[in-house]
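As a plain string of letters, each chain reads:
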Amino acid sequence: MSLLVVGSVAFDSIETPDGSADRVLGGSASYFSYVASFFTKPRLVGVVGEDFPEQNRHLLEARGVDMTGLTTQPGKTFYWKGRYHQDMNTRDTLEVQLNVFGTFDPVLPESFRDSKHIFLANAAPSVQAKVLDQVTAPSLVVADTMDLWIEIAKPDLLALLPRLDGLSINDSEAKLLTGESNLVRAGHAVRRMGPKFVLLKKGEHGAILFSEEGTFVVPAFPSPDVLDPTGAGDSFAGGVMGYLATRPEVVPGHPEWGTQLRRAMAYGTVIASMTVEGFGLDRLTRTSRQEIDSRLEAYRHMLSL
Ligand code: AMP
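Definitions and cut-offs
- Residues numbered from 1 in each chain as written.
- Predicted model: local features only at pLDDT ≥ 70, side-chain atom pairs only at ≥ 80, totals over all residues.
- Heavy atoms only, no water.
- Phe/Tyr/Trp six-rings, centres within 6.5 Å; stacked < 30°, edge-to-face > 60°.
- Helix = DSSP H or I, 4+ residues; strand = E, 2+ residues; numbered from the N terminus.
- Buried < 20%, exposed > 50% of the residue type's maximum accessible area, 1.4 Å probe, protein only.
- Lys NZ or Arg CZ within 6 Å of the ring centre and 35° of its normal.
- Contact = heavy atoms within 4.5 Å.
- Core = buried A, V, L, I, M, F, W, Y, C linked by side-chain atoms within 4.5 Å.
- Near = heavy atom within 4 Å.
- Polar contact = N/O pair within 3.5 Å; in protein donor to acceptor, adjacent residues only side chain to side chain.
- Areas by Shrake-Rupley, 256 points an atom, 1.4 Å probe, with all protein chains shown as cover.
- Pairing = 2+ DSSP bridges.
- Axes fitted to C-alpha atoms, helices over the stretch in contact; angles between N-to-C directions.
- Salt bridge = Lys/Arg side-chain N within 4 Å of Asp/Glu carboxyl O.
- Parallel < 35°, antiparallel > 145°, perpendicular 65-115°, else oblique.
- Left-handed = near helix turned anticlockwise from the far one by under 90°.
- Nonpolar A, V, L, I, M, F, W, Y, C, P; charged D, E, K, R; others polar.

Participant: Which residues make up the packing of aromatic side chains, and what values do they have?
Facilitator: Using the criterion set out here, one finds 10 aromatic pairs in the structure. Pairing F221 with Y299 gives two aromatic rings, centres 6.3 Å apart and planes at 50°, and the pair type is tilted. Highlighted residues: F221 in the loop between β13 (214-218) and α8 (232-245) and Y299 in helix α11 (residues 289-303), separated in sequence by 78 residues. In terms of burial, F221 and Y299 fall into one category: buried. One Lys or Arg, R63, reaches over the ring of Y34 and ends 5.6 Å from the middle of that ring. Of note, R63 hangs over the ring of F38, and the distance from its end group to the ring centre comes to 4.2 Å.

Participant: Go over the environment of V251, please, and point to the residues and values.
Facilitator: Structurally, the position occupied by V251 is in the loop between α8 and α9 (257-275). Residues V251 and S13 lie 238 residues apart in sequence; the distance between their C-alpha atoms is 37 Å. Filtering out sequence-adjacent residues up to four positions away, V251 remains in contact with S139 and W257.

Participant: Explain the nonpolar core to me, and be specific about the residues and the numbers.
Facilitator: A general trend in soluble globular proteins is that nonpolar side chains are found buried together. Counting 54 residues, the largest nonpolar core has V9, F32, L44, F119, F197, V240 and M265 as the members making the most contacts within it. A per-element tally of this core places α9 first, with 10 residues. Not counting residues up to four positions away in its chain, the partners in contact with V240 are L199, L261, A264, M265 and G268. Within the second largest apolar cluster, 45 residues are counted, among which are L108, I118, A124 and L161.

Participant: Kindly report on the environment of T103, identifying the contributing residues and their values.
Facilitator: Turning to its location among the elements, T103 is positioned in the loop between β7 (91-97) and β8 (117-120). Distance in space between the C-alpha atoms of T103 and M67 is 20 Å, their sequence separation being 36 residues.

Participant: Describe the site of the ligand, listing the residues and the values that go with them.
Facilitator: Around the ligand, the surrounding shell holds 19 residues, and the nearest of these are S8, D12, G27, G231 and D234. D234 places a side-chain nitrogen or oxygen 2.9 Å from an oxygen atom of the ligand. Notes on the ligand: free accessible area 510 Å², of which the protein chains cover 91%. Secondary structure elements with two or more residues in the shell around the ligand: β2 (10-16), β6 (78-84), α4 (147-152) and α8. With 3 residues, α8 is the largest single contributor of residues to the shell around the ligand.

Participant: Describe helix α1 (residues 28-36), with residues and values.
Facilitator: Most of α1 is tucked away: 9 of the 9 residues are buried. Within α1, burial applies to S28, A29, S30, Y31, F32, S33, Y34, V35 and A36.

Participant: Before we move on, can you summarise the sheet that holds strand β4 (residues 43-49) with the specific residues and values?
Facilitator: Strand pairing in a sheet relies on backbone hydrogen bonds. The paired strands run either parallel or antiparallel. Taken together, the 9 strands give an open sheet; going across it, the order is β5-β4-β1-β8-β9-β10-β11-β12-β13, and neighbouring strands pair in mixed fashion. Strands at the two margins of the open sheet, each flanked by one partner only, are β5 (66-73) and β13. Neighbour-to-neighbour, the strand axes of the sheet open up by a mean angle of 15°, direction not taken into account. Of the strand pairs in this sheet, strand β9 (residues 140-144) and strand β10 (residues 166-170) are connected by 3 bridges, and their pairing is parallel. In the sheet register, D144 faces β10, and the bridge partner there is S168.

Participant: Any chance you could break down the pattern of salt bridges for me, citing the residues and the numbers?
Facilitator: Applying the stated criterion across every chain yields a total of 18 salt bridges. A salt bridge links K196 to D165, with the nearest nitrogen and oxygen atoms 2.6 Å apart. In this pair, K196 is assigned in the loop between α7 (183-192) and β11 (197-201) and D165 in the loop between α5 (154-160) and β10, connecting sequence segments 31 residues apart. In this structure, D282 engages R286 in a salt bridge whose closest nitrogen and oxygen atoms are separated by 2.7 Å. Residues joined by salt bridges that share partners form a network here, namely E277, R283, E291 and R295.

Participant: Hey, could you go over the packing of α9 against α11 for me, with residue numbers and the actual values?
Facilitator: Across the interface, α9 lies against α11 with an axial gap of 9 Å and an inter-helix angle of 115°. In terms of orientation, α9 lies roughly perpendicular with respect to α11. For the pair α9 and α11, the crossing hand works out as right-handed. Of α11, the residues touching α9 (which contributes A266, Y267, T269, V270, I271, S273 and M274) are R289, E291, I292, D293, R295, L296 and Y299. Looking at the contact of α9 with α11, its residues break down into 8 nonpolar, 2 polar and 4 charged.

In structure tokens, the structure reads:
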């Protein structure tokens, strides 16, 4: 099993209608790797500044995340500040300081280059492409993106899409990328841009898979305790890719691919529902594979007709 994630490692300041958190560990690669660690030992590539506390590094290391690829550079760590609206489904970015992440030029440690499962977490598409250039024989490549890159780096993103097996994208970003106002049309249109499958995330409304095998819908797990939605998308991806990494032979084209991808989406969904029950990574630090599996069982009952 060799699951590689490349993305942001950040300090997040978060305000929601129910509370706030200041400069907690966040970033796309942090959420993704923490979640994936319930399934495998993910390899992380990212950059932090000299202000990054050892205890944050230890938090991920203690989960078995291979941090060989996390480099420290002179300067400050990426900082993101966001505020959620009353509905918790929409947020405003109040502040972004790219700091050392702004000049992030990922160099994969030699020992990471043979990784089979690759998740290109939220980062500039040119950075994501550089990672792909360095892996020798990937068997499953999935990327995430965001509105910022669609707005400022669309040509780079369009060049990346045909190199992907899957793209994880949220509803408003899919509409922005394709110009389609209907979500289903937008999902199909994203797939025509290159990736074999599209994981279209709809926040509290779940996710839709668009793929060669057809369309598949998963509702969100209905949690009554949503405190902070930050990282839900990365957690969803961490659950999907983490689960898939446990069956490395199952890739697009394998007879079990469709079934396993659906199961992976169910894992992603239930873990994302846990992430949002605390600020930052807090809720994830208080769960176990056993609890995740029992929530998956409850979810399965909710879905049976
Ligand atoms: P999510 O809620 O899953 O969309 O992800 C939230 C995470 O994305 C936060 O922890 C932020 O630190 C991180 N983030 C915000 N903006 C960016 C960006 N431009 N590039 C990379 N990561 C970002």
